[in-house]
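Given next are the chains, with one letter for each unit.
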Amino acid sequence: MSALVAELAYAQRLGRCPERVRGSNPLEGTMFCQDCGRPSYCHLQTWLDELTSRFLLRLILPQKFELFFDSLLEKIFIFSGLASLRSDFTGSDIQMRSACFIEELKKRGAMVKALRGPAGYTNYFRVEMGGKIIRFENLPFADNAWVVDDKEKTKLYLRKGNFPIAEGKSFWFWQKKKACDFAMEKIGFPLVVKPRNGSVSRHVTTDIQTLEKLKKAVEWATIYSPAFIIEKFISRAFVYRATVIDFDYVACVKQVPANVVGDGMATIRELIDKKNSDPNRGGPHQKIVENETTDFLNVPKEGEVVFLQQDPFLKLGGDLIEMTPEVHPDNRNLFRQVAKFFNIRVVGIDFLARDISRSYKEQECAIIELNGAPCIELHHFPYSGAPQNVAKAVADLFFKYYL
């Protein structure tokens with residue numbers, strides 16, 4: 001199915017969905033999944049996506065045919081009144097990664113239009129410049145994204161390329177007992193459980209230390225996908241997101257669990273409110289999610305760091321620290337080699353390590369997943385550190401190969 005069809009269909013579903021209830025738990029049969037940020041019935045779509053990608057042959061057409069069909073579908077949707085192409089959209093109307101990239105295109109004189117469906121703007125865009133028309137979804141150059149977005153295939157390819165990975169294996173939802181037995185006998189605690197497909201750490205459980213929590217983590221993952229992965233968890237390590245453009249340009253941010261730093265006077269509650277109001281937080285999706293076990297009336301000492309979450313996920317309010325200047329040359333080369341191995345010109349690499357300034361050869365580390373449509377805005381809006389203009393590198397790539 002064309003990316004255009006999928007995007008428009010999803011927009012139509014959102015337009016018909018019931019009112020969202022923030023904070024509802026999908027395990028309790030409610031209408032909203034707080035972990036996914038979407039209606040709970042969208043889990044049906046994620047299940048179908050996984051099943052069709054695994055059991056149906058993927059049709060890969062020559063690029064000129066894909067361009068022809070995308071153009072034809074665009075015209076059909078516009079002619080039928082289901083969608084329209086608009087140039088008056090704002091950055092808040094679309095995903096932030098696309099907004100950063102499009103801003104760079106406009107600086108160079110490009111005319112960009114976004115497809116608007118019944119429920120608002122989609123992630124489908126058309127660029128007009130120099131007599132040419134180019135279409136893309138999210139970001140350009142995602143030709144091999146279907147490979148890297150499959151965590152099982154990614155792990156197999158990484159192993160074939162002798163890249164550092166975490167030991168693990170994929171299972172189906174009917175293999176829950178087999179999966180738990182494998183984890184206990186072959187890997188051992190601590191563990192990570194995650195859906196085989198997905199992004200933004202949806203339905204991922206980390207640092208699992210007991211069989212009971214392992215079983216719950218498996219149940220949680222299979223709500224999102226019929227297939228899941230169990231793998232070794234590397235303790236005392238940070239998640240770094242490296243973005244590689246055109247096999248050369250590398251930017252890297254460190255993801256730190258949600259935290260506040262004491263000043264000796266304010267309570268944890270007051271420190272959270274102050275930090276959440278900081279414009280560098282990057283928007284509502286980076287607001288700190290509170291831990292129920294925290295004593296919010298406690299007054300931390302000056303300089304004392306209080307971690308409010310175990311995981312560094314942005315959806316829980318984690319911090320982004322720009323680390324590009326600190327990346328060890330060996331690690332920088334590793335990221336470039338991964339991009340070349342997968343032959344993908346725009347890719348995000350999630351790298352688990354204790355210190356990005358040390359060579360990966362000298363520490364326990366692992367490449368945990370790749371993303372063919374990376375969130376480049378992470379580098380543009382870090383909580384601390386000098387922002388990196390990754391969108392400019394993507395625009396350079398765009399003009400080099402498309403125009």
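Calculation notes
Residues numbered from 1 in each chain as written. Predicted model: local features only at pLDDT ≥ 70, side-chain atom pairs only at ≥ 80, totals over all residues. Heavy atoms only, no water. Helix = DSSP H or I, 4+ residues; strand = E, 2+ residues; numbered from the N terminus. Buried < 20%, exposed > 50% of the residue type's maximum accessible area, 1.4 Å probe, protein only. Core = buried A, V, L, I, M, F, W, Y, C linked by side-chain atoms within 4.5 Å. Contact = heavy atoms within 4.5 Å. Pairing = 2+ DSSP bridges. Axes fitted to C-alpha atoms, helices over the stretch in contact; angles between N-to-C directions. Salt bridge = Lys/Arg side-chain N within 4 Å of Asp/Glu carboxyl O. Expected span 1.5 Å × (residues − 1). Phe/Tyr/Trp six-rings, centres within 6.5 Å; stacked < 30°, edge-to-face > 60°. pLDDT = per-residue confidence, 0-100. Parallel < 35°, antiparallel > 145°, perpendicular 65-115°, else oblique. Left-handed = near helix turned anticlockwise from the far one by under 90°. Nonpolar A, V, L, I, M, F, W, Y, C, P; charged D, E, K, R; others polar.

Some thoughts on unusual backbone geometry
Thought 1: Following Phe189, the chain continues into Pro190 via a peptide bond in cis, with omega recorded as 0°.
Thought 2: Inspection of the secondary structure puts Pro190 in the loop between α7 (176-187) and β8 (191-195).
Thought 3: Positive phi, close to 50°, is recorded for Asp207, a residue that is not glycine.
Thought 4: Its place among the elements puts Asp207 in strand β9 (residues 205-208).
Thought 5: Residues other than glycine seldom take positive phi values, yet Asp246 does so here, at roughly 55°.
Thought 6: For Asp246, a relative accessible area of 19% corresponds to the buried category.

Some details on the nonpolar core
Thought 1: One finds Phe101, Ile102, Leu105 and Val112 to be the most contacted residues of the largest nonpolar core, which totals 28 residues.
Thought 2: Taken together, the elements giving at least two residues each to this core come down to α4 (96-107), β4 (111-117), β5 (120-129), β6 (132-137) and α12 (390-402).
Thought 3: Those residues in contact with Phe101, other than ones at most four positions away along the chain, are Phe136, Leu139, Pro140, Ile376, Ala391, Val394, Ala395 and Phe398.
Thought 4: The next biggest cluster of nonpolar side chains, apart from the first, holds 26 residues, and it includes Leu158, Ile344, Ala353 and Tyr360.

Section: the pairing of β8
Thought 1: Counted residue by residue, β8 has 5 buried out of 5 residues, so it is predominantly covered.
Thought 2: Here β8 shows a buried face lined by Leu191, Val193 and Pro195 and a second buried face lined by Val192 and Lys194.
Thought 3: Summarising the sheet, β8 and β9 pair through 2 bridges and their orientation is antiparallel. By the bridge assignment, Leu191 is partnered in β9 with Ile208.

A closer look at the pairing of strand β7 (residues 168-172)
Thought 1: Burial analysis of β7 places 4 of its 5 residues in the buried class, which makes it a mostly covered element.
Thought 2: Relative to strand β10 (residues 227-232), β7 is paired through 5 bridges, and the arrangement is antiparallel. Across the sheet, Trp172 pairs through a bridge with Ala227, a residue of β10.

Observations concerning the sheet that holds β4
Thought 1: Sheet architecture is open: 4 strands sit in the order β3-β4-β5-β6, paired in antiparallel fashion. A strand with exactly one partner marks an edge of an open sheet, and here the two such strands are β3 (84-86) and β6. With direction set aside, neighbouring strand axes in the sheet form an average angle of 30°.
Thought 2: Of the strand pairs in this sheet, β4 and β5 are connected by 6 bridges, and their pairing is antiparallel. Paired with Arg116 across the two strands is Tyr121, which belongs to β5.

Remarks on the pattern of salt bridges
Thought 1: Scanning all chains against the criterion turns up 18 salt bridges.
Thought 2: For the salt bridge of Asp319 with Lys275, the shortest nitrogen-to-oxygen distance reads 2.8 Å. With Asp319 in strand β15 (residues 319-322) and Lys275 in helix α9 (residues 268-276), the pair connects residues that are 44 residues apart, well separated along the chain.
Thought 3: Judged by relative accessible area, Asp319 falls into the buried class, the value being 5%.
Thought 4: A single network of salt bridges, built from pairs that share partners, joins Arg108, Lys392 and Asp396.

Points about the environment of Pro190
Thought 1: The class for Pro190 is buried, based on a relative accessible area of 15%.
Thought 2: Setting aside anything within four residues of it in sequence, one finds Pro190 in contact with Asp207, Ile208, Gln209, Lys232 and Phe233.

A word on α12
Two residues of an α-helix separated by three or four positions point the same way, owing to the 3.6 residues in each turn.
Thought 1: The terminal C-alpha atoms of α12, which comprises 13 residues, lie 18 Å apart, in line with the 18 Å expected from a rise of 1.5 Å per residue.
Thought 2: For α12, every residue scored as buried is listed here: Val390, Ala391, Ala393, Val394, Ala395, Leu397 and Phe398.

Notes on the packing of aromatic side chains
The geometry of an aromatic ring pair comes down to the distance between the two centres and the angle between the two planes.
Thought 1: A full pass over the atoms with the stated rule returns 17 aromatic pairs.
Thought 2: Judged by centre distance (5.2 Å) and plane angle (80°), the rings of Phe173 and Trp174 are edge-to-face.
Thought 3: Look at Trp174 and you get exposed, because its relative accessible area is 56%.
Thought 4: Judged by centre distance (5.3 Å) and plane angle (80°), the rings of Phe335 and Phe351 are edge-to-face. Taken together, the residues span a long stretch of sequence, with Phe335 in helix α10 (residues 329-342) and Phe351 in strand β16 (residues 346-353) at a distance of 16 residues.

Considerations on the confidence of the model for the protein
Close reading of the predicted structure is inappropriate where its pLDDT is low.
Thought 1: With 83% of its residues at a pLDDT of 70 or more, the protein has an overall mean of 83.
Thought 2: Within the protein, the element-level pLDDT minimum falls on helix α1 (residues 3-16), averaging 42, and the maximum on α10, averaging 97.
Thought 3: Considering only residues more than four positions removed or in separate chains, one finds that residues 1-30, a stretch of pLDDT under 50, has 61 contacts.

Things to note about the packing of helix α6 (residues 151-160) against α10
Thought 1: Between α6 and α10, whose axes approach to 11 Å, the crossing angle comes to 110°. Between α6 and α10, the angle falls in the class roughly perpendicular. In the crossing of α6 with α10, the sense of the turn from one axis to the other is right-handed. In contact with Thr154, Tyr157, Leu158 and Lys160 of α6, α10 contributes Val338, Phe341 and Phe342.
Thought 2: Of the residues belonging to the contact of α6 with α10, the class tally is 5 nonpolar, 1 polar and 1 charged.

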